[in-house]
Structure formats: C-alpha cells, structure tokens
Amino acid sequence: MRGVRLKGFFENFMNKEFLFSDKSVLQSNYDPENIQHRDQQIEQIANILGSVLLYQKPSNLFCYGKTGTGKTLTIKFVTNDLLSIAKEKNINLEVIYTNCKLKNTADTEYRVIAELIRSLGGEVPKTGLPTQEVYRIFTHIIDSKKQLVLLILDEIDQLVEKTGDEILYTLTRMNSELKNAQISLIGISNSLVFTDNLDPRVKSSLSEEEIIFPPYNALQLQDILNQRAKLAFKTGVVDSGVIEKCAAYAAREHGDARRALELLRVSGEIAERSEEKKLSIRNIDLAEEKIEKDRVLDIISSQPKQQQALLYSIMKINEESKDIKHRDDSLFTGDIYELYKRICTEIKLRPLTQRRISDIISELDMLGIVNGKVISKGRYGRTRKITLAIHDHTKIKAKEILEKNFGFSR
DNA sequence: GTCAATTCACATGAAAGAGACCACGGTCTAGTG
DNA sequence: CTAGACCGTGGTCTCTTTCATGTGAATTGACGA
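Below is a short write-up of the structure.

Here is what the cut-offs are and how they apply
- Residues numbered from 1 in each chain as written.
- Chains lettered and ligands numbered in written order.
- Predicted model: local features only at pLDDT ≥ 70, side-chain atom pairs only at ≥ 80, totals over all residues.
- Heavy atoms only, no water.
- Near = heavy atom within 4 Å.
- Polar contact = N/O pair within 3.5 Å; in protein donor to acceptor, adjacent residues only side chain to side chain.
- Helix = DSSP H or I, 4+ residues; strand = E, 2+ residues; numbered from the N terminus.
- Nonpolar A, V, L, I, M, F, W, Y, C, P; charged D, E, K, R; others polar.
- Pairing = 2+ DSSP bridges.
- Axes fitted to C-alpha atoms, helices over the stretch in contact; angles between N-to-C directions.
- Contact = heavy atoms within 4.5 Å.
- Buried < 20%, exposed > 50% of the residue type's maximum accessible area, 1.4 Å probe, protein only.

**Describing the protein's contact with DNA strand B**
Near DNA strand B lie 17 residues; those nearest to it are Thr333, Arg355, Arg379, Gly381 and Arg384. Among the atoms of DNA strand B close to the protein, meaning within 4 Å, 71% are from sugar or phosphate groups. Here a phosphate oxygen of DNA strand B and a side-chain polar atom of Thr333 are 2.7 Å apart. In this structure, a base nitrogen belonging to DNA strand B sits 2.7 Å away from a side-chain N or O atom of Arg355. Contributing elements (two or more residues each) for the surface near DNA strand B: α14 (333–346), α15 (354–367) and β8 (382–388). Across the surface near DNA strand B, the residue classes break down as four nonpolar, nine polar and four charged.

**Regarding the sheet that holds strand β5 (residues 209–213)**
The strand order β2-β3-β4-β1-β5 describes an open sheet built from five strands, whose pairing is parallel. This sheet does not close on itself; its edge strands, each paired only once, are β2 (93–99) and β5. Neighbour-to-neighbour, the strand axes of the sheet open up by a mean angle of 15°, direction not taken into account. Pairing geometry for strand β3 (residues 148–154) and strand β4 (residues 182–189), over six bridges, is parallel. Counterpart to Leu153 in the pairing with β4 is Gly187. With respect to the sheet, helix α2 (residues 39–49) is in contact with β1 (61–65), β3, β4 and β5, its orientation differing from that of β5 by roughly 160°.

**Concerning unusual backbone geometry**
Negative phi is the rule for most residues except glycine; trans is the rule for most peptide bonds. Here Tyr55, not a glycine, exhibits a phi torsion of approximately 60°, which is positive. Of note, the phi angle at Lys348 is positive, near 60°, even though the residue is not glycine. With respect to the helices, strands and loops of the structure, Lys348 is situated in the loop between α14 and α15.

**Section: the sheet that holds strand β7 (residues 370–376)**
What the three strands build is an open sheet, ordered β6-β8-β7; its pairing is antiparallel. Each edge of the sheet is formed by a strand with only one pairing partner; in this case those strands are β6 (331–332) and β7. Bridge analysis of β7 against β8 gives seven bridges, and the strand direction is antiparallel. Residue pairing in the sheet places Val374 in a bridge with Arg384 of β8. The strands touched by α15 are β7 and β8; relative to β7, the strand with the most contacts, the crossing angle is about 125°.

**Side note on the environment of Asn47**
With respect to the element layout, Asn47 can be found in helix α2. On the basis of relative accessible area, Asn47 is assigned to the exposed category, the value being 59%. Between the C-alpha atom of Asn47 and that of Ser144, which follows or precedes it by 97 residues, the distance is 28 Å.

**Quick look at the protein's contact with DNA strand C**
In the neighbourhood of DNA strand C, 23 residues make up the surrounding shell, with Thr108, Tyr110, Arg111, Ser376 and Arg382 lying closest. The sugar-phosphate portion of DNA strand C accounts for 71% of its atoms within 4 Å of the protein, the bases making up the rest. Within the side chain of Thr131, one N or O atom sits 3.2 Å away from a phosphate oxygen of DNA strand C. The separation between a phosphate oxygen of DNA strand C and a polar side-chain atom of Arg356 is 3.1 Å. When contributions to the surface near DNA strand C are tallied by element, the ones reaching two or more residues are α4 (109–119) and α15. The residue makeup of the surface near DNA strand C, split by class, is six nonpolar, nine polar and eight charged.

What follows is the structure, given as structure tokens:
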C-alpha cells in the first residue's frame, strides 16, 4: 500500500522538469577547469614554485585575501599542475594541504602536525604523545627520502590566533635539521593584517614572497557565474538579470565568489522546489533569506547549552525592552547576566561567571548572531552594548528551538 | 565656563584548575604447554 | 611462559574560574575669569 503511494511520489519527482543539468558545478568543492581573473596570481605562484622543477627549494609563500577570492582554488590549481609535471620529470615532490580551521582535526599545534603525518601515510594517536615527539616523527618521515615538500596551511590566521606562532617557528626552522628533504611553507590567510602580530623571526622567513588576492568586482563575478551557470543549468532557464543580481549581492559582500555561487545554487533549488520553469530574480531574494536563516539556525542549534541559555536570555530581554517604549533595544552586559542567572536556576544549569559570559558574548558576536559594541557610559561605567543581529522571522524559529531544547512548554 | 581628577561597570589579560580523552610502560592474572 | 586486563603516570585539549589590570567619558569639584 505504502509502496504504491511512494511510487507515485517518485514518479512525480522524476517527471518534474529540472532546472539543473549539473548541480555539482555550483557546489563549493567543485574545481573548475580554468580560473578566471586570476592570471596574474597564477603566474606569480608558478614562478615562485617553479624552482621545484630544478630540485630547488622554493621560497616560502604567503597568500592574503578575503574569503571567496579564490586563494585555495588557485593554489590547488597550480600545485596540481606542478605535481603532474614533477611526476613526468621524476622529481620527488610532495604537496600536503591542511585546512587549519577544521575542528578537532587541525586546529592546534599537535593536531596540525599529526594531520600532516597522517597525510604522509604515517600513523599518530589523536592525543597522548608529547608534542615534541610528534615533531620528531614528522621530521623522521619527511627526511626518510630525498624530496621536496610543499606544505599548504590554509586559514593559517585562525591557527595562529588560537595557538600562537610556535608551529610556524618550528616549521620554518625545520629545514636546517633535514638532511635529505626540504620543505616550503605556503600560508593562506583571510586576514590582511595577520603577519603584524607575528614573531618577527617567523614573519621574515614565512613571507619571503607575498601574493595578494583582491576581491572580485561585480563584473568579474558575473564572468565566473556565467561560466558556471552555463554548465549547471539547462539552457534558457536563467532569466536575464539573475546573474547580474547575484554578482551584485556578492560584490557588496567584499566580492565573495563562494557566496555568489551559493546564492545562485540555492535560488535554483528554491525555484525547482516550487516547480517554476525559470529561475527569476525573485528567487534570489528568497535564497538570500534562506541562506541567512539556515546559517543562523544551524549555529544556534549547534551551540553548547550555556551559550544557548545566554542567547535565550538575550532574546528574552530584547523582547521585553521592545515593549517598554522609552528603552531602545540596546542591552548591556549586566542586564543580560542577571536574566541569564535567573534562567539558569530555572532550567537547573550552573551559571557561569560574568567573566566567561563576557567572552561568550564576544564569541556570539564573531558568529554574527549578536552585535556587540563596547561603549562607555561615562560615570556609569563601561560595558558592551548588545543588539540581536538576526531577523525577526528567524528569531521566532530560533526561540522555538531553544525553548524546545530547554523543555519549556510555552 | 574650563579643566583635571574621580569613578563606575564592566572589558580584557594571564594563569591556573578541572575533567575528559589518550598512550605508554609496568604489574598482575589466568590460561597454556 | 605469555597474552591480555588493569593500573599509574604523564601528555593534550577544552571550558572555566580566579585574580589582576585596563579604560572612556559622564560627573564632580576646584579654579579662575
């Protein structure tokens, strides 16, 4: 009985006219065959890394640029080419890519090195060994044969911010201990001012060469989107103006190509789900809303209990202050902390100290859930002015999630 | 009115603790020959 | 005799607490015009 119904459903699903011909083209892990508007960077990188082919250690390289400016893509592109050429010429080249932002994988000194060892085929326990020991294993593996190693550390700024620059110091010095192999570092950073608070010794050796990835402008984004859209969608389903609008949205957000592509993909998904024959401009607005909402709800529901409780009290107090006309919707740390403590006793949670709450608020700020600004109220002290940074319709849903989590019936 | 000192209510830093996870080596135990 | 169970030690890592120090401008109060 159920089978019959489902069959009908699937048939319906199959018969639906799909807008996409290949959705994966718009996904973030897709590697395009050629990279647009990055010729200059590609050439520079190729020049620097080219010395590999002469069996010489290339200079350490450093790439800056905001998110979605094609840093990772370009580096991977060049190193892949390099790898295949090196293979032809019988050069021992090893390229190791690590993203330092991956939680519980490569976000501490120990784990990064462990991860590097793992990608070289070694085996290291997740924890338990002294860090020095892990370094020893690493050098041992690297030095086991004559080879050149390119170490790509993506999102390196995150790593240094969390754990300090000792890794970089050790890695840059490692060459002097190696007898057979040579390693070069390729750092990729989102932050332009990253090197400023680096140990000067590390700084000079790490950024022997620097390459800057400027944000794409709206026109360049259009080119990129057009190229991908041609592959991703069936011909003629994309309304005129859609690409332009996507590009414009993304250009406003510091030229983030990843954003633009996501926007296009989600718009397509929305149009497809509502069984529209064409991808229209209206879908883009819907898509942007959806992306934002998903992001926020995702973050909120994946937060630990304490953070959620705090967030809940912020939302609660935000509502109350809206009812009272004479108070604008600005909240201060003290008020929030008081309410937070009350809520904690209500849901039988041990309240944290204000010191910690202060930190959590700035964490939420970083995540873009709240906006916090440190202000001085003169005689009445110095505090953080906090506003909720999420839309009302998202907020309602978010509150539901939190209340359900805490077992509130209301 | 002007100016420096005061003062508030936190922000921000540094250090250290708690507790979870884990590897390693040594010791104990039970099963085997 | 030996494999496996079971410690104790020492390591990493995250989340917190404790203690200490920093700070921007409204307020205050002294001062001079």
